[in-house]
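# Report on the structure
Residue strings, one per chain:
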Amino acid sequence: MALTARSLSLSLGRRLVLDAISLSVRPGRITVLLGPNGAGKTSLLRCLAGLLRPESGAIMLDDAPIGTLPLRERARRIGYLPQSAELVWSLNARDVIALGRHPWRSPFAAPSEADRAAIADAMTATDTERFADRPANELSGGERARVLLARVLAGSPEWLLADEPLASLDPAHQIDILDRFRAAADRGCGVVIVLHDLNHAARIADDIALLHGGRLVAHGPAADTLTPAAIAEIFDLSVEILPAARGYPMQIVTCGRRNSAE
Ligand SMILES: Nc1ncnc2c1ncn2[C@@H]1O[C@H](COP(=O)(O)OP(=O)(O)OP(=O)(O)O)[C@@H](O)[C@H]1O
């Protein structure tokens, strides 16, 4: 079982944003996509979710091109959390989260026991019970982000694709959510996350995919990919790598821009 990009190229407008990317991610593992702004992380994630059609190459889910899967099956199997989502519905947070069960429900049927359990689990995982009955469009940015993540988790997807899920969360909820991604992977879910924080990436990733200018520069365990040389090259940063400490397999200390720190 795998979610695979085969020689994937994508242009948006006149810009080549993904250039012959080949990458395979597996169930039970967390893959973090890292790279500077504009590197192509969101574009790759949207292709993996079947939301963007590449101009060449293919996305395969197991042995099937993703575009050949019925939409309902795709929605059941792949949970996609976009980078930012407006909440335009005047629904309370609980009802927004319950929308995550949509691919599993029959029209007009009452929620099943499985639906209710999945929604409750997702709310616990994201600590959203406290504001479950408030209108979702009146929540703070971080509260809204947790509701939208809960909505994806409620769908119990086999593949969880999340684009900067920590961006508006406070530090405690960032750690909670990283732990949730780990728990999902431990249950066999394949997780792909776009992050910007190098230490969060090192903490959570089984594998890191480094993107730069639409190309896949490296793919493998953090210790092999997050080297000072690679970070200097891709992010134009000078860093020191310190040994493992307190749950972090390595600590990346940013010293400054590559040139100014020399
Ligand atoms: N609709 C579009 N039309 C033209 N170019 C686009 C479009 N959407 C994105 N791009 C370009 O594609 C490139 C990759 O964008 P993408 O959003 O995938 O990058 P990213 O790595 O996720 O960046 P960030 O870290 O800033 O979120 C960028 O150069 C961006 O300007």
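The residue numbers shown here count from 1 along each chain, following its written sequence. Given that this is a predicted model, residues contribute local features only at a pLDDT of at least 70 and side-chain atom pairs are listed and counted only at 80 or more, while totals for whole chains, interfaces and linings are drawn from all residues.

In the nomenclature of an unreviewed UniProt entry, the chain corresponds to ABC transporter ATP-binding protein from the organism Sphingomonas colocasiae. A UniProt comment under Function (unreviewed entry) is attached to the chain, and it reads "Part of the ABC transporter complex HmuTUV involved in hemin import. Responsible for energy coupling to the transport system." UniProt positions are given in the numbering used here, feature names are shortened, and annotations may be inferred rather than shown by experiment.

Secondary structure elements are taken from DSSP: a helix is a run of H or I of four residues or more, a strand is a run of E of two residues or more, and numbering for both begins at the N terminus. Within the chain one finds ten helices and twelve strands. Here the chain has a C-alpha radius of gyration of 19 Å; the compact-globule value for 262 residues is 18 Å, and the two agree. When its C-alpha atoms are laid out on the principal axes, the chain stretches across 60 × 40 × 35 Å. Burial is judged by counting the other C-beta atoms within 10 Å of a residue's own C-beta: 20 or more makes it buried, 12 or fewer makes it exposed, and any count in between marks it as partly exposed, with every C-beta position built from the backbone. When burial is assessed residue by residue, the chain has 40% of its 262 residues classed as buried. We compute the radius of gyration from the C-alpha atoms alone; for a globule the expected value is 2.2 Å times N to the 0.38, where N is the number of residues.

In the neighbourhood of the ligand, the contacting residues comprise Leu12, Gly13, Arg15, Val17, Gly35, Asn37, Gly38, Ala39, Gly40, Lys41, Thr42 and Ser43. Listing elements by their share of the shell around the ligand, those giving two or more residues are strand E2 (15-25) and helix H1 (41-48). Ranked by residue count, the leading element in the shell around the ligand is H1, at three residues. Partitioning the shell around the ligand into residue classes produces three nonpolar, seven polar and two charged. Put plainly, near means the residue's C-beta atom, positioned from the backbone, lies within 6 Å of the molecule or strand in question. Here the term charged refers only to Asp, Glu, Lys and Arg, the term nonpolar to Ala, Val, Leu, Ile, Met, Phe, Trp, Tyr, Cys and Pro, and the term polar to all other amino acids, Gly among them.

Of note, alanine 2 is situated in the segment before strand E1 (3-12). Given 14 C-beta atoms within a 10 Å radius, alanine 2 is considered partly exposed. For the pair formed by alanine 2 and alanine 223, sequence separation is 221 residues and the distance between their alpha carbons is 23 Å. Look past the residues within four positions of alanine 2 in its chain and what remains in contact with it is Ser24, Val25, Arg26 and Asp62. By the convention adopted here, residues are in contact when the distance between their C-beta atoms, placed from the backbone, does not exceed 7 Å.

Before going further, it helps to examine the nonpolar core. Ranked by size, the top nonpolar core spans 75 residues in total, and within it Val32, Leu48, Ile97, Leu161 and Ala201 carry the most contacts. Among the elements that take part in this core, helix H5 (residues 141-154) stands out by supplying eight residues, more than any other. The split into domains, and so the bounds of each, comes from an automatic or database assignment of domains. Lining this core are residues from two domains, each supplying at least three of them: domain 1 (3-92 + 156-226) and domain 2 (228-262). Aside from chain neighbours lying at most four places away, what touches valine 32 is Ile193, Leu195, Ala201, Ile204, Ala205 and Ile208. To form a nonpolar core, buried Ala, Val, Leu, Ile, Met, Phe, Trp, Tyr and Cys residues must be joined through C-beta atoms within 7 Å.

Right, let's talk about the sheet that holds E1 for a bit. In this description, strands pair whenever DSSP reports at least two bridges between them. Pairing in this open sheet of four strands is antiparallel, and the strands run E2-E1-E4-E5 from one edge to the other. Edge strands, defined here as strands with exactly one partner in the open sheet, are E2 and strand E5 (64-65). Bridging between strand E4 (residues 56-61) and E5 involves two bridges; their strand directions are antiparallel. Following the sheet pairing, methionine 60 is matched in E5 by proline 65. Axes here mean lines fitted to C-alpha atoms, for a helix over just the part in contact, with angles spanning 0 to 180 degrees between N-to-C directions. In the packing of H1 onto the sheet, the strands contacted are E1, E2 and E4, and the crossing angle to E1 comes to about 125°.

Below, the discussion takes up helix H6 (residues 171-186). Here H6 spans 23 Å end to end across 16 residues, near enough to the 22 Å set by a 1.5 Å rise per residue. Taken residue by residue, H6 has Ile177, Leu178, Arg180, Phe181, Ala184 and Ala185 as its buried positions. Taken around the axis of H6, the buried residues stretch over an arc of 155°, which confines them to a single face. Exposed and facing more than 90 degrees away from the buried side of H6 are Pro171, Ala172, Ala183 and Asp186. At its buried positions, H6 is contacted by strand E3 (30-34), helix H4 (113-126), H5, strand E7 (159-163), strand E8 (190-194) and helix H7 (198-204). Just beyond H6, the residue with positive phi is glycine 188, at close to 110°. One less than the number of residues in a helix, times 1.5 Å, gives the span that helix is expected to have. The directions considered for the arc run from the helix axis to the C-beta atoms.

Let's shift gears to unusual backbone geometry. Positive phi, normally seen in glycine, also occurs at serine 156, with a value near 45°. Among the structural elements, serine 156 can be located in the loop between H5 and E7. Classification of serine 156 by C-beta neighbours within 10 Å gives buried; the count is 23. Backbone geometry at glutamate 164 places phi at a positive 50°, although glycine is not the residue there. One can find glutamate 164 in the loop between E7 and H6.

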